[in-house]
Amino acid sequence: YSDLRDNDTGSKRHFIDFKLYDQDAPATLTSNFSLLGANSSDSKVGLEAKSDLAGEILDYTAEGLTERVRYRNSSALPRPNAEGIFGQHFDYNRMGLVVKITNLGPDDKPLPDKVGVVASVRDFDSSGNLIEQSYFGVDGQPVEVSGVQRISMTYDAAGNVVKISRFDLSGK
């Protein structure tokens, strides 16, 4: 089931209900499942872990970009995913690339995930290549994910990644 309608801000809201085709019951999804792909901390949650998420509510900007996703259970109530967040908010640059992902709580306010990440900030070059990604926790303080606070990428003239550097909180 999927439904697209206007939201409070005049943009669009899309509710997606994950149901099994042969039953009227919520589908069992992997714990890191989202229509939007990887979560902000890009955690390595095992695919065998399950979540009782039954749907997502997607809000779109006037340009048609996903502005916010909120996770719901089979009763359409806020439900955290396996990382402990209830949704995510996306900020974009002029090229339409996601430059910030903020994890949300049930009240749509910033909430750290299980590893302490509230936001992931990304920087892109003029070709749209991701050149840096950093993780931040409560009050904008840098946090590490699996020993990494910031990832930096270098590209050749053809746009191929030629170097990936990972930095911890000390910058090393």
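Look up: the structure comes first, before these words.
What counts as what
- Residues numbered from 1 in each chain as written.
- Predicted model: local features only at pLDDT ≥ 70, side-chain atom pairs only at ≥ 80, totals over all residues.
- Heavy atoms only, no water.
- Buried < 20%, exposed > 50% of the residue type's maximum accessible area, 1.4 Å probe, protein only.
- Helix = DSSP H or I, 4+ residues; strand = E, 2+ residues; numbered from the N terminus.
- Pairing = 2+ DSSP bridges.

*Asks:* I keep staring at the pairing of strand β6 (residues 66-72) and nothing clicks. Help me out?
*Replies:* Each regular strand carries side chains that alternate between the two faces of the sheet. Here β6 lies mainly inside the structure; five of its seven residues are buried. As judged from the six bridges shared by strand β5 (residues 55-60) and β6, these two strands associate in the antiparallel manner. When the sheet's bridge partners are listed, tyrosine 60 is paired in β6 with threonine 66. In textbook terms, the turn of a hairpin is the stretch between consecutive antiparallel strands, and for β5 and β6 this stretch comprises five residues, one of which, glycine 64, has a positive phi near 90°. Sheet analysis places β6 next to strand β7 (residues 87-92), joined by three bridges and oriented antiparallel. Among the inter-strand pairings, valine 69 is bridged to a residue of β7, identified as glutamine 88.

*Asks:* Help me out: how do you make sense of the pairing of strand β11 (residues 150-155) in this one?
*Replies:* In this sheet, β11 lies alongside strand β10 (residues 130-136) in antiparallel orientation, the contact comprising three bridges. Residue glutamine 133 lies in a different strand from β11, and its bridge partner there is isoleucine 151. Direction of pairing for β11 relative to strand β12 (residues 161-167): antiparallel, over a ladder of six bridges. Each bridged residue has a counterpart across the sheet, and for arginine 150 the counterpart in β12 is phenylalanine 167.

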